[in-house]
Amino acid sequence: MTLQGKGFMIWQISRCEGGNAAQIASVAKAAGLTHVLIKIADGPHTYNVNQQTKIDLVPPVASALRAQGIQVWGWHYVYGYNPVGEAQIAIKRTNELNLDGYVIDAEGEYKQPGKAAAATTFMNELRKGIPKKQVALCSYRFPTLHPQLPWKEFLSKCDYNMPQVYWQAAHNAGAQLRRCVREFEAMTPFRPITPTGPVYRNYGWEPTQSEILEFLMTARELNLSAANFFAWDYGRSILIPLWNTIAAFPWSTTPSPLELPARYINALNSRDPAKVATLYNNNAVHITAVQTVQGSQAITTWYNTLLNQTLPSAAFTLTSTSGSGNVRHFTWTATSSKGKVENGNDTIGIINDKIGYHYSFFSVKP
């Protein structure tokens, strides 16, 4: 089964919706998630098992998610000091939980000398125990910066690559994702990429809503079938606007017609805010350099300001259109009694022939 759509990684179940399995599943469904990845092991030990009661917290969450039609994957931080023991716990957890897939989180410890042999041992043992399960590697975003990691030994027996495209201390999500894909495409073996984006804070840095959208838009532009985010608890309790942005993003693999940008410009030329708003999904997100708005009423209000105050009596012109899948880029100009726009540059994501998200950049000159 090909992995498609949006996914979130759960680190500690107890910190997600208070550990309530039904609530986790309900929130995942409302956010349009197709898969959830839960930490099931750390080294040779189980994870997300209550240390006081010894109750395994994963089965009820997995069951509730499956009831909502959501795939359940398990992820496992590995160290390489005991590769056979780590493989055995991975096999046990994956099989007893009947997971849809298993994810290897290999990082700094696997950059130490001699770890290629550990990776080979781990993967051989793992595949003996779960020969038909989907397996993915989740590690660094730029392999050229981490040549010590045994990429080949891991990826040769994986089905997917889920690089951690965390643009910490930077704000160029799209550029970093493109570089990530280019670097892995140049490697052998290559595995389909499902990038993992950041939803957390680190030493004062955190991604913005527009950066999260840029990450998702770039993933769709590159025709990647799915994307993940880390971590659920940050998104639901600390960085709520980021969670909402991801939830509103209309991931779809169904291409939509190229003419939607033209219909959008025609609607602007009608100077009717309500008519423009009908081109959007009910929970669509519209982002500009000034603000982010979501939902039909907020979008209608935004266009009322644009068409009656910012650019009254404007004439809009579509100057170029490009894109593939359900992502479209287009440029435009406008002239009005209050000024003109010469640099309109927009990106829209389309689902069911309507705009699901819209990033718009322009400046008004006298």
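Residues numbered from 1 in each chain as written. Predicted model: local features only at pLDDT ≥ 70, side-chain atom pairs only at ≥ 80, totals over all residues. Heavy atoms only, no water.

**Q** Can you help me understand the pattern of salt bridges in this one?
**A** If charged atoms from side chains of opposite charge come close, those side chains can pair. One pass over the full model with this rule turns up twelve salt bridges. Salt-bridge contacts for R236 lead to E17; the nearest nitrogen and oxygen are separated by 2.7 Å. Of the two residues, R236 is situated in helix α8 (residues 232-237) and E17 in the loop between β1 (5-10) and α1 (21-30); the sequence distance between them amounts to 219 residues. Across the salt bridge formed by E183 and R179, the nearest N and O atoms sit 2.8 Å from each other. With a gap of four residues between them, E183 and R179 both fall in helix α6 (residues 173-185), about one helical turn apart. Using a relative accessible area of 30% as the deciding quantity, one classes R179 as partly exposed. Via salt bridges that share partners, D56, K92, R93 and E96 belong to a single interconnected network. (Salt bridge = Lys/Arg side-chain N within 4 Å of Asp/Glu carboxyl O. Helix = DSSP H or I, 4+ residues; strand = E, 2+ residues; numbered from the N terminus. Buried < 20%, exposed > 50% of the residue type's maximum accessible area, 1.4 Å probe, protein only.)

**Q** Looking at this structure, how should I read the packing of α1 against helix α2 (residues 58-67)?
**A** Helix-helix packing is characterised by the crossing angle of the two axes and by the distance between the axes. Running from N to C, α1 and α2 cross one another at 35°; their axes reach a closest spacing of 8 Å. For α1 against α2, the interelement crossing comes out right-handed. Here A21, A22, I24, A25 and A28 of α1 come into contact with α2, specifically with P60, V61, A64 and L65. Split by residue class, the contact of α1 with α2 holds nine nonpolar, no polar and no charged. (Axes fitted to C-alpha atoms, helices over the stretch in contact; angles between N-to-C directions. Left-handed = near helix turned anticlockwise from the far one by under 90°. Contact = heavy atoms within 4.5 Å. Nonpolar A, V, L, I, M, F, W, Y, C, P; charged D, E, K, R; others polar.)

**Q** Please clarify how the nonpolar core should be interpreted in this entry.
**A** Within soluble globular proteins, side chains that are nonpolar generally end up buried alongside one another. Grouped together as the largest cluster of nonpolar side chains are 95 residues, with contacts concentrated most on L65, Y102, I104, F122, L126 and W232. Contact partners of L65, with chain neighbours within four places excluded, come to I24, A25, A28, V36, I38, I70 and V72. Membership of the second largest hydrophobic core comes to 26 residues, among which are A277, F330, W332 and I355. (Core = buried A, V, L, I, M, F, W, Y, C linked by side-chain atoms within 4.5 Å.)

**Q** Hey, could you run me through the confidence of the model for the protein chain in this one?
**A** Low pLDDT means the predicted atomic positions in that stretch should not be read closely. When pLDDT is averaged along the protein chain, the result is 93, and 97% of the positions lie at 70 or above. Here residues 253-258 scores under 50 on pLDDT; set against residues more than four positions off or in separate chains, the count is 14 contacts. (pLDDT = per-residue confidence, 0-100.)

**Q** How should helix α10 (residues 260-269) be read in this particular structure?
**A** An α-helix turns once per 3.6 residues; consequently, residues spaced three or four apart project the same way. Along α10, the residues that are buried comprise L260, P261, Y264, I265, A267 and L268. The buried residues of α10 occupy one face: seen down the axis, they fall within an arc of 160°. Directly after α10, the chain includes R271, whose backbone phi takes a positive value near 60°. (Arc of directions from axis to C-beta.)

**Q** How should the pairing of β1 be read in this particular structure?
**A** In regular strands, side chains alternate between the two faces of the sheet. In terms of burial, β1 is largely enclosed, as six of its six residues are buried. Pairing analysis gives five bridges linking β1 to strand β9 (residues 226-230), with the strands arranged parallel. Across the sheet, the residue bridging to M9 is F230, located in β9. Here β1 pairs with strand β2 (residues 33-42) via five bridges, running parallel. For K6, the partnering residue across the bridge sits in β2 and is L33. With α1 bridging β1 and its parallel neighbour β2, the resulting β-α-β unit is right-handed. (Pairing = 2+ DSSP bridges. Right-handed = clockwise from strand over helix to strand, strands pointing away.)

**Q** Mind showing me how you'd approach the pairing of β9 here?
**A** With five of its five residues buried, β9 lies for the most part within the structure. Alternating positions in β9 separate into two faces, A226, N228 and F230 on one and A227 and F229 on the other, with burial throughout. Sheet analysis places strand β8 (residues 196-198) next to β9, joined by three bridges and oriented parallel. Within β9, the position partnered with T196 by the bridge is N228. Remark: the β8/helix α7 (residues 209-221)/β9 crossover connection has right-handed handedness.

**Q** Quick question: what am I supposed to make of the packing of aromatic side chains here?
**A** Two measures describe an aromatic ring pair: the distance that separates the ring centres and the angle between the ring planes. Within this structure, the stated rule accounts for 23 aromatic pairs. A ring pair is formed by W332 and F362, whose centres lie 5.4 Å apart and whose planes are at 55°; its orientation type is tilted. In this pair, W332 is assigned in strand β13 (residues 327-336) and F362 in the loop between β15 (354-361) and β16 (364-365), connecting sequence segments 30 residues apart. Classification of W332 as buried rests on a relative accessible area of 3%. Linked through ring pairs, F8, W167, F215, F229, W232 and W243 together constitute an aromatic cluster. (Phe/Tyr/Trp six-rings, centres within 6.5 Å; stacked < 30°, edge-to-face > 60°.)

**Q** What is the right way to read unusual backbone geometry from this model?
**A** Leave glycine aside and you will find that most residues have negative phi; peptide bonds, for their part, are mostly trans. Residues T188 and P189 are joined by a peptide bond in cis, for which omega reads 0°. Within the secondary structure, P189 is located in the loop between α6 and β8. The phi dihedral of E17 is positive, around 55°, even though this residue is not glycine. The phi angle at Y203 is positive, at roughly 50°, despite the residue not being glycine. On the secondary structure map, Y203 appears in the loop between β8 and α7. Residue classification places Y203 among the exposed positions, given a relative accessible area of 83%.

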